[in-house]
Amino acid sequence: MGAGPSPLEPWLLRLRDALALVCPILTMAPGEKIKAKIKKNLPVTGPQAPNIKELMQWYCLNTNTHGCRRIVVSRGRLRRLLWILFTLTAVALIFWQCALLISSFYTVSVSIKVHFQKLDFPAVTICNINPYKYSAVRHLLADLEQETRAALKTLYGFSEITSRKRREAQSWSSVRKGTDPKFLNLAPLMAFEKGDTGKARDFFTGRKRKVNARIIHKASDVMHIHNSKEVVGFQLCSNDTSDCAVYTFSSGVNAIQEWYKLHYMNIMAQVSQEKKINMSYSADELLVTCFFDGVSCDARNFTLFHHPMYGNCYTFNNRQNETILSTSMGGSEFGLQVILYINEEEYNPFLVSSTGAKVIIHRQDEYPFVEDVGTEIETAMATSIGMHLTESFKLSDPYSQCTEDWSDVQITNIYNATYSLQICLHSCFQAKMVENCGCAQYSQPLPRGADYCNYQQHPNWMYCYYQLHQAFVREELGCQSVCKEACSFKEWTLTTSLAQWPSEVSEKWLLSILTWDQSQQIKKKLNKTDLAKLLIFYKDLNQRSIMENPANSIEQLLSNIGGQLGLWMSCSVVCVIEIIEVFFIDSLSIIARHQWHKAKGWWARRRAPACPEAPRAPQGRDNPSLDIDDDLPTFTSALSLPPAPGSQVPGTPPPRYNTLRLERAFSSQLTDTQVPAES
């Protein structure tokens with residue numbers, strides 16, 4: 001009889017299926033079981049860590065940067081504390097060095113190059129210090145000179161003993177006995193006693209008068225000036241005379257000249273431009289001889305330029321016919337040589353106190369500010385001016401605040417010339433004059449809609465001009481903050497030397513020939529005090545170029561930052577990205593996840609229905625059977641203790657014997673467990 005299926009086989013199959021539902025791990029392959037067991041036993045680390053502490057611990061154990069790992073694995077508190085200090089110090093040094101590198105990124109390096117080449121000759125503007133011939137303007141200034149002489153006699157007891165042939169003797173009494181003085185009423189000249197500013201002596205009347213005005217002393221704040229017994233000045237008031245100011249000077253010479261110049265400009269502003277040109281010196285009168293680069297030149301090579309304070313000026317090499325003269329050799333023989341006729345007898349005695357001419361060297365497209373940067377040359381002297389050309393190129397924003405043109409400067413250019421800091425400042429001051437005073441001063445050409453200041457059209461201009469000038473000097477007009485330095489400019493470094501000219505041995509024949517040459521223009525015999533010789537030349541043809549270049553680039557900045565990271569922390573760019581990921585992305589993710597779980601739990605508790613209160617379960621202290629006695633019972637005596645009334649003593653439930661009956665779990669007898677029947 002063959003062996004039948006075992007009765008335990010179906011039971012085992014069912015047991016396996018039941019266990020498979022409870023423990024799926026039993027159905028896995030051996031390799032998967034090991035992985036699942038390891039995954040179950042290992043803690044959750046890395047970006048999925050439950051808190052920031054475990055995230056930081058995981059980072060320190062896995063990062064490539066030195067120091068962080070030593071903080072975690074070091075034994076002992078002292079060693080761990082030292083590694084924390086070392087690591088924080090290294091991080092601080094990295095931040096400090098990187099901040100220095102970034103802050104110094106917009107720095108420049110200066111390179112100087114020297115070129116030897118043929119150089120363009122600059123423009124040269126020449127002016128006589130005396131703007132107009134005294135014989136031509138004497139009738140306009142007669143009243144002003146009379147009042148000036150009267151004031152001088154009153155204050156200093158001064159009177160001219162002799163006068164020049166061209167000047168007529170003046171009667172001081174005629175001024176006193178005539179009508180009231182015009183100019184001394186507009187701006188009274190005063191003398192203050194030392195320490196007494198409440199009263200002043202009037203120049204015209206000689207009497208003391210009370211002064212109710214602000215005292216403004218026009219003296220240097222940095223130089224010590226000896227305090228004299230008397231301080232001289234003049235008073236200016238606004239139109240309604242409610243606001244007055246007295247401008248005092250440390251010297252009476254300065255006060256008289258400033259007061260005279262103020263009224264002189266007021267008078268000449270009322271004269272037309274054409275008449276003023278005719279009153280000044282012509283090119284044929286000013287220029288006696290001319291040579292350039294060994295070739296003769298004349299007045300036709302000069303361009304007229306009329307200046308409000310210097311009259312007719314003449315510019316050589318002013319880009320006529322769009323051509324600029326150049327020189328191919330250095331030295332005085334290959335530059336500009338001119339002899340100037342100064343004519344000292346035509347000088348205004350109160351306007352100018354020196355004799356000679358003024359020269360300015362500039363670019364062809366640049367406005368010549370003769371009154372600011374001109375060089376004065378003497379009569380009876382040969383003035384040699386040697387030049388060195390320097391060309392500068394600066395980097396604009398963000399390396400510096402320079403500008404290439406007028407595009408980023410909120411000032412209107414009234415000079416029709418290329419941009420320069422000086423032109424910008426003058427244009428700004430002229431705009432303030434037009435805005436506040438209604439007229440312009442020292443401008444050429446005039447701003448649109450404005451004219452030269454004069455008392456007839458603008459009675460307030462003198463007071464307004466001095467107020468604005470004081471504010472401009474104190475940088476209160478805002479011009480210095482608006483105007484910027486030019487990014488590129490040319491500069492001629494000048495070296496001046498003097499020699500007596502003409503010499504005593506050559507004076508006689510030289511002056512005779514010059515007188516004969518200029519007989520048509522000059523109707524008198526020349527003497528050496530009427531002449532001045534000027535030589536302007538390149539000392540050599542070496543042009544120096546100063547150029548600014550960026551000292552750093554993006555590549556250099558990244559290399560320097562990488563060097564600092566490697567030096568202090570042995571860190572790379574990948575480590576920086578890792579730090580950003582862990583300290584910002586993963587940390588914020590953990591915080592956000594924690595906050596989300598808190599919000600989710602709060603919302604679930606709020607949405608859950610209210611549950612009835614459960615009956616209070618008996619506690620150990622309420623169960624008499626669990627009272628603790630000081631005399632603890634033994635095991636035998638504990639069994640004989642009576643149960644507490646009303647209490648339930650836990651016990652073991654009786655077994656369910658039906659579960660032990662295998663025949664109810666298996667429907668048939670297994671073949672291998674059958675017992676053969678007895679015969």
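One can find the structure itself at the top, above this paragraph.
Structural notes, computed from the coordinates. (Residues numbered from 1 in each chain as written. Predicted model: local features only at pLDDT ≥ 70, side-chain atom pairs only at ≥ 80, totals over all residues. Heavy atoms only, no water.)

What follows is about the state of the cysteines. This model, assessed by the stated rule, comprises 8 disulfides. Disulfide partner of C127: C313, at an S-S distance of 1.9 Å. With the S-S dihedral at roughly 120°, the linkage between C127 and C313 falls on the right-handed side. Of this pair, C127 sits in strand β3 (residues 123-128) while C313 sits in strand β13 (residues 311-316), and the two are 186 residues apart along the sequence. The exposure class assigned to C313 is buried, which follows from its relative accessible area of 0%. For C439, the disulfide goes to C453, at an S-S distance of 2.1 Å. For the disulfide bridge between C439 and C453, the dihedral angle about the S-S bond is near 95°, and by the sign convention the bridge is right-handed. Placement of the pair is C439 in the loop between α14 (421-437) and α15 (461-473) and C453 in the loop between α14 and α15, with a sequence separation of 14 residues. By relative accessible area, C439 is classed as buried at 0%. The class of C453 is buried, set by a relative accessible area of 2%. Not engaged in a disulfide, the cysteine C68 finds its nearest cysteine sulfur in C60; these two sulfurs lie 5.0 Å apart. Classification of C68 by relative accessible area gives buried; the value is 11%. (Disulfide = S-S within 2.5 Å. Helix = DSSP H or I, 4+ residues; strand = E, 2+ residues; numbered from the N terminus. Buried < 20%, exposed > 50% of the residue type's maximum accessible area, 1.4 Å probe, protein only.)

Once that is clear, we can look at the environment of P122. Here P122 lies in the loop between β2 (119-120) and β3. Overall, P122 belongs to the buried group, its relative accessible area being 1%. With 240 residues separating them in the primary sequence, P122 and H362 have C-alpha atoms 6.0 Å apart. Setting aside residues up to four positions removed in sequence, P122 forms contacts with F316, N317, I361, H362, Q364, M387, W492 and Y538. (Contact = heavy atoms within 4.5 Å.)

Moving on to the packing of aromatic side chains. Under the counting rule described, the total for this entry stands at 23 aromatic pairs. Judged by centre distance (4.9 Å) and plane angle (70°), the ring pair of F121 and F292 falls under edge-to-face. Of this pair, F121 sits in the loop between β2 and β3 while F292 sits in strand β10 (residues 287-292), and the two are 171 residues apart along the sequence. We classify F121 as buried; its relative accessible area is 1%. Relative accessible area serves as the criterion here: at 9%, F292 is assigned to the buried category. Among the aromatic residues, those joined into a ring-pair cluster are F234, Y247, F249, F429, W461, Y465, Y466 and F472. (Phe/Tyr/Trp six-rings, centres within 6.5 Å; stacked < 30°, edge-to-face > 60°.)

Next up on the list: unusual backbone geometry. Following D397, the chain continues into P398 via a peptide bond in cis, with omega recorded as 10°. Within the secondary structure, P398 sits in the loop between β18 (381-393) and α14. The backbone of D293 shows a phi angle near 55°, a positive value even though the residue is not glycine. Within the secondary structure, D293 is located in the loop between β10 and β11 (295-296). Even without being a glycine, E475 presents a positive backbone phi close to 60°. One can find E475 in the loop between α15 and α16 (479-482).

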